Amino acid sequence: MASLSASISCRPSSLPPPPRALLGGAEKPREGRRRTAAAAAAAAAARCPPSLLSPLPRSLARRVGVVPSQRRRDLSKTIHASVTVDIATEEVQLPKGETWSVHKFGGTCVGNSQRIKNVANIIMKDDSERKLAVVSAMSKVTDMMYDLIDKAQSRDDTYVFALDNVLEKHRSTALDLLEGNDLANFLSQLDDDINNLKAMLRAIYIAGHATESFTDFVVGHGELWSAQLLSSVIKKNGIDCQWMDTREVLIVCPTNSNQVDPDFPESEQRLEKWYSQNPSKTIIATGFIASTPYNIPTTLKRDGSDFSAAIMGALLRARQVTIWTDVDGVYSADPRKVGEAVILKTLSYQEAWEMSYFGANVLHPRTIIPVMRYDIPIVIRNIFNLSAPGTKICHPSVCEDEDSHMLESYVKGFATIDNLALVNVEGTGMAGVPGTASAIFGAVKDVGANVIMISQASSEHSVCFAVPEKEVEAVAEALQSRFRQALDAGRLSKVQVIPNCSILAAVGQKMASTPGVSATLFNALAKANINVRAIAQGCSEYNITVVVMREDCIRALRAVHSRFYLSRTTIAMGIIGPGLIGSTLLEQLRDQAAVLKEDFNIDLRVMGIAGSRSMLLSEASIDNSGCRGIDLSQWQELLKEKGEVANLEKFVQHVHGNGFIPNTVIVDCTADSVVASHYYNWLRRGIHVITPNKKANSGPLDQYLKLRALQRQSYTHYFYEATVGAGLPIVSTLRGLLETGDKILRIEGIFSGTLSYIFNNFIGERSFSEVVAEAKQAGYTEPDPRDDLSGTDVQRKVIILARESGLKLELSDIPVDNLVPEPLRTSASAEEFMEKLPQFDQEWTNKQQEAEAAGKVLRYVGVVDLLNHRGAVELRTYKKDDAFAQLSGTDNIIAFTTTRYSKQPLIVRGPGAGAQVTAGGIFSDILRLASYLGAPS
Ligand code: ADP
Ligand code: ASP
Ligand code: MG
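In what follows, the accompanying structure is described. (Residues numbered from 1 in each chain as written. Chains lettered and ligands numbered in written order. Predicted model: local features only at pLDDT ≥ 70, side-chain atom pairs only at ≥ 80, totals over all residues. Heavy atoms only, no water.)

## Overview of the overall build of the chain
- From N to C terminus, the chain includes 37 helices and 30 strands.
- Residues classed as buried in the chain amount to 55% of the 937 residues present.
- For the chain, the accessible area works out to roughly 38,800 Å², and carbon and sulfur atoms hold 50% of it. (Helix = DSSP H or I, 4+ residues; strand = E, 2+ residues; numbered from the N terminus. Buried < 20%, exposed > 50% of the residue type's maximum accessible area, 1.4 Å probe, protein only. Areas by Shrake-Rupley, 256 points an atom, 1.4 Å probe, with all protein chains shown as cover.)

## Side note on the sheet that holds strand 12 (residues 391-394)
- Taking strand neighbours across the sheet as the criterion, the eight strands line up as 3-6-2-1-9-11-12-10 in an open arrangement whose pairing is mixed. Each having just a single partner strand, strand 3 (242-244) and strand 10 (346-348) make up the two edges of the open sheet. Taking the axes of each pair of neighbouring strands and ignoring which way they run, one obtains an average angle of 20 degrees across the sheet.
- Bridge count for strand 1 (residues 100-105) against strand 9 (residues 320-325) is five bridges, and the pairing is parallel. Of the residues in strand 9, the one forming a bridge with Lys-104 is Ile-323.
- Each of strand 1, strand 2 (130-135), strand 3 and strand 6 (282-286) is contacted by helix 13 (residues 264-277), which is oriented at about 155 degrees to strand 3, the strand it contacts most.
- Seen against the sheet, helix 15 (residues 349-357) touches strand 10 and strand 12 and runs at an angle of roughly 90 degrees to strand 10. (Pairing = 2+ DSSP bridges. Axes fitted to C-alpha atoms, helices over the stretch in contact; angles between N-to-C directions. Contact = heavy atoms within 4.5 Å.)

## Quick notes on the site of ligand 2
- Taken together, Ser-136, Thr-142, Glu-223, Phe-288, Arg-302, Asp-303, Gly-304 and Ser-305 form the complete shell of residues around ligand 2.
- Within the side chain of Thr-142, an N or O atom sits 2.7 Å from a nitrogen atom of ligand 2.
- Within the backbone of Asp-303, a nitrogen or oxygen atom sits 2.8 Å from an oxygen atom of ligand 2.
- Contact with the protein chains hides 89% of the accessible area of ligand 2, taken as 260 Å² for the molecule alone.
- Of the residues that constitute the shell around ligand 2, the class distribution is one nonpolar, four polar and three charged. (Near = heavy atom within 4 Å. Polar contact = N/O pair within 3.5 Å; in protein donor to acceptor, adjacent residues only side chain to side chain. Nonpolar A, V, L, I, M, F, W, Y, C, P; charged D, E, K, R; others polar.)

## Concerning the site of ligand 1
- As a matter of local geometry, ligand 1 sits amid 18 residues, with Thr-325, Asp-326, Tyr-331, Arg-336 and Asn-361 nearest to it.
- Residue Asn-361 places a main-chain N or O atom 3.3 Å away from an oxygen atom belonging to ligand 1.
- Partitioned by chemical class, the residues of the shell around ligand 1 number eight nonpolar, five polar and five charged.

## Remarks on the pairing of strand 18 (residues 543-549)
- Counting buried positions along strand 18 gives seven out of seven residues, so the element sits mostly inside the fold.
- Here strand 18 shows no split at all, with Asn-543, Thr-545, Val-547 and Met-549 on one side and Ile-544, Val-546 and Val-548 on the other all buried.
- Looking at chain direction, strand 16 (residues 494-507) and strand 18 are connected through seven bridges and run antiparallel. Residue pairing for strand 18: Ile-503 is matched across the bridge by Val-547.

## Observations regarding the pattern of salt bridges
- What the rule picks out here adds up to 38 salt bridges.
- Residue Lys-96 is joined to Glu-268 by a salt bridge in which the shortest nitrogen-to-oxygen separation is 2.5 Å. Of the two residues, Lys-96 sits in the loop between helix 6 (69-86) and strand 1 while Glu-268 sits in helix 13, which places them 172 residues apart along the sequence.
- For Arg-786, the salt bridge is made with Asp-784, and the minimal N-O distance between the two is 2.7 Å. (Salt bridge = Lys/Arg side-chain N within 4 Å of Asp/Glu carboxyl O.)

## Quick notes on the pairing of strand 11 (residues 378-382)
- In terms of burial, strand 11 is largely enclosed, as four of its five residues are buried.
- Here strand 9 pairs with strand 11 via five bridges, running parallel. Note that in strand 11 the partner of Trp-324 across the bridge is Arg-381.

## So, the side chain of Asp-891
- With respect to the helices, strands and loops of the structure, Asp-891 is situated in strand 29 (residues 891-898).
- Look at Asp-891 and you get buried, because its relative accessible area is 10%.
- Among the polar contacts listed, one links the side chain of Asp-891 to the side chain of Arg-909, at a separation of 3.2 Å.
- Sequence-distant contacts of Asp-891, that is, excluding residues within four places in its chain, are made with Ile-750, Ser-756, Arg-909, Gly-910, Pro-911 and Gly-912.

## Here we look at helix 11 (residues 212-219)
- Judged by how many residues are buried, helix 11 sits mostly within the fold: seven of eight residues are covered.
- Among all positions of helix 11, only Ser-213, Phe-214, Thr-215, Asp-216, Phe-217, Val-218 and Val-219 are buried.

## Things to note about the packing of helix 31 (residues 753-761) against helix 32 (residues 768-777)
- At a closest axis distance of 9 Å, the pairing of helix 31 and helix 32 adopts a crossing angle of 135 degrees. On the basis of their axis angle, the class for helix 31 and helix 32 is oblique. As for the relative orientation of helix 31 and helix 32, their crossing is right-handed in sense. Across the interface between the two elements, Tyr-757, Ile-758, Phe-759 and Asn-761 of helix 31 pack against Phe-768, Val-771, Val-772, Glu-774 and Ala-775 of helix 32. (Parallel < 35°, antiparallel > 145°, perpendicular 65-115°, else oblique. Left-handed = near helix turned anticlockwise from the far one by under 90°.)

## As for the nonpolar core
- Grouped together as the largest cluster of nonpolar side chains are 86 residues, with contacts concentrated most on Leu-132, Met-244, Met-312, Ile-393, Phe-414 and Ile-503.
- Counting residues in each nonpolar core, the second largest holds 70 residues, with Ala-610, Ile-666, Ile-747 and Val-794 among its members. (Core = buried A, V, L, I, M, F, W, Y, C linked by side-chain atoms within 4.5 Å.)

## Considerations on the sheet that holds strand 21 (residues 614-617)
- The strand order across the open sheet formed by seven strands is 22-21-20-19-23-24-25, and the pairing between neighbours is mixed. Of all the strands in the sheet, the pair left with one neighbour each is strand 22 (644-645) and strand 25 (718-719).
- Bridging between strand 20 (residues 602-610) and strand 21 involves three bridges; their strand directions are antiparallel. By the bridge assignment for strand 21, Ala-610 is matched with Met-615.
- Set on the sheet, helix 23 (residues 580-600) makes contact with strand 19 (569-576), strand 20 and strand 23 (663-668); between it and strand 20 the angle comes to about 155 degrees.
- Strands in contact with helix 25 (residues 648-656) are strand 19, strand 20, strand 21, strand 22 and strand 23; relative to strand 19, the strand with the most contacts, it is inclined by about 170 degrees.

## Quick notes on the environment of Pro-335
- You can see Pro-335 is positioned in the loop between strand 9 and strand 10.
- Overall, Pro-335 belongs to the partly exposed group, its relative accessible area being 23%.
- For the pair Pro-335 and Ala-360, spaced 25 residues apart in the sequence, the C-alpha separation amounts to 9.8 Å.

## Some details on helix 31
- With nine of nine residues buried, helix 31 lies mostly within the body of the structure.
- Every buried residue of helix 31 is accounted for by Gly-753, Thr-754, Leu-755, Ser-756, Tyr-757, Ile-758, Phe-759, Asn-760 and Asn-761.

## Focus: the side chain of Thr-292
- By secondary structure assignment, the location of Thr-292 is in the loop between strand 7 (289-291) and strand 8 (297-299).
- For Thr-292, a relative accessible area of 11% puts it in the buried group.
- Apart from residues no more than four positions distant in its own chain, Thr-292 is found in contact with Ile-251, Val-252 and Thr-298.

## Topic: the environment of Ala-476
- Locating Ala-476 in the fold gives a position in helix 19 (residues 469-482).
- Its relative accessible area of 14% is what places Ala-476 among the buried residues.
- Distance in space between the C-alpha atoms of Ala-476 and Val-497 is 7.2 Å, their sequence separation being 21 residues.

## A closer look at the packing of aromatic side chains
- Scanning the entire structure with this criterion turns up 18 aromatic pairs.
- An angle of 40 degrees between the planes, with centres 5.8 Å apart, marks the rings of Phe-414 and Phe-564 as tilted. Linking Phe-414 in strand 13 (residues 413-426) with Phe-564 in helix 22 (residues 553-565), this pair joins segments that are 150 residues apart in sequence. No difference in accessibility class separates Phe-414 from Phe-564, as the two residues are buried.
- Within the aromatic cluster, the residues linked to one another by ring pairs are Tyr-679, Trp-682, Tyr-718 and Tyr-720.
- The ring of Phe-264 carries the charged tip of Arg-373 above its face, separated from the ring centre by 5.6 Å.
- A cation over a ring is seen here: Arg-928 above Phe-719, with NZ or CZ 4.1 Å from the ring centre. (Phe/Tyr/Trp six-rings, centres within 6.5 Å; stacked < 30°, edge-to-face > 60°. Lys NZ or Arg CZ within 6 Å of the ring centre and 35° of its normal.)

Encoded structure:
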């Protein structure tokens, strides 16, 4: 039987097949084909060094066809003998066309026995007249097979145990699924295969090397087993079903770029022949594997089962190819990297090709080519969610009809490729010299490197291209040597390698020719502070490709995706200073997070909270869309339990280093000048800064100017509304006036909530010290009220507004009326100060009565005088009917006198102190940042 079986496949392909009867029923041909495949592998083995062959047991050598040449000749005689009988039989013709529906089931679909049953049900429920299902190996099996090769090659004898695991996985699956003869046949076949593999791996182990054909032969077993298991399960349900070892049918020619090209005419002939021997309406075919024109087993390379299915679909002219996988279809971006990615209803063949070429591994890039030729649609569907309709890949006219009015019809999706390096060949000697590009790419071709994208500036001064990182060294050497003379002569200035790059591709029908699309794309990248290293936009209009540094890649992907799909604007936040204001902000964020997410598409994630002594960093767990951030309903407990020693650099690195979230903001809720001294550096790193801390803007002028200049030159934002007037819109009002061309003449205001309270209540009823004590009691003052009474805080606010208005002043240029009586300025403690303050009540009473007599009130104000280029903080008196005299509580009031508001100043008034309103001011800066970053308004 064995020799007869072997004879079948060794038959010259032009000869007709043997009669089915001769092969002994339905089961027999299968065994015949298996032997044939092994024979093909052995042909490869026959070309290996003798040392490699020697460990093959004689039985295997015979079985896979490694036989002395005399014996082979005998075998060919047998072939002819069998063929004589053949000719007399009638052939069953392969019907092609719409009656066929082709399915492909990926590794996860057949990942265990239950899933294999499920796949069998799907196939059986398909009411197409004829069905062919291509299957991958059970999930992880192909990896396990490659691992066997790696282990054996590196002489790691644990390959034996690893092979046992492979055996066990399939044996237990078979035990679950099959019984009786089917089970026995499968297990005996499996045992045979494993024994053969053991021998081959032993050979590889001894040689310390596996040839490509040995490797392909070994790794393709996963598909052989899964196809047999699935077909047996279908047969068990009483359905006539044949399994196909596609190495007998698919003939492919290897190319020199680790790919294969199908030989369609030859494969078609072989398929017809195969079908005539196995005419069945349900066929289960192995994915991934094929043979070379010399019948040597090969593969369609990793993830190649999609390609197998497409080739089968084309050979059968099928109605449709359905690719079953573990996601609902093709997403607008890799769902593992962009949580908000959306399912695309349709894609044109070109778009699908571009997406898969640029890394969307839901589809093997070459899948499209065979089906496109016959306009066969591909539908990608989720085996775990049958209610999802999936993505249809079809002719562009169909897609256009469905989504023509949407932005998404221009930009369909985004994909990325990692582990690339850019090569930049530069020099004035390149311009106008014919043949330079050809010489460059000739040298690249000679080292067999794959060029993924090319970009050449129109000045012809430089050519820049991306190659896989592992190939760049060879490419650079080849270029250095090819252009040695030009480099020495200075016609070329350099061959530069930029490692650690990634490609981000935006793919979409006619995208590149639609005005505004690329501008939006680059704008989104700029706002996420991502530097683009190279750009390529093909004339195909289907693709814009940008090269970015690898560490920026996911952020870039998320930034552009959210821009086009209006998915959430996600911001990673680090909060420094969880004191009264910081913790109030955290409460507000906690309460508002869900509404912001659902109603405003803003996703704020607090990744770290740092106090002066300890800090809490978010868990490193990464979900689909990156790290979720700290649970704000229990941050205090978490800080106590899981807090670590505060370390600002580590904190910032954690918050910003999260490659998933495109935007980072540090919110500084301290009053600390050391923290403020980091702003410049943070902004330079693309980290936005929001703060109520006045130290940076009221510090040394040169540092302030540097900070503002940096902010203006970049897309990084620095907001500090809450530094003046807490939540009141002071800074933004001033900016609005300036930006719209108004001229500021004077800003005058009561900027201190504490001093506002004190003078609103010091109206002759109680002494000054009593009012101060009352304010302290109510928590309106700093722990030491001298910090308020000294006027420094107001002085800082004045300098902030003065600088915002364009005055170049130092803090010391603002004279201050210090309300702390001279002798008490050196008092040791706040308590001592409060004790001694009544000694000065009389002076205060006098001042108050003097004002009262003139029909006025006392007010402590800050002034920015733009006409005289000066500022001041002073105790002034105001008529009782003046707006400044009408305040209550801790109200602030700020009056802007401008060219437009010259008769009546523009007045902003309201509570200007307190944790709730200050935190609210910071919060609105955070939302302003989100809208600057693209959140919908
Ligand atoms: P199979 O084994 O079924 O062939 P693959 O792992 O090869 O499955 O492909 C499916 C996977 O592709 C998905 O689980 C998903 O994580 C990944 N993927 C990457 N990019 C995309 C995308 N744009 N759309 C859908 N899936 C994608
Ligand atoms: N099993 C093969 C692989 O894992 C082919 C495929 O699943 O598409 O690469
Ligand atoms: Mg796949």
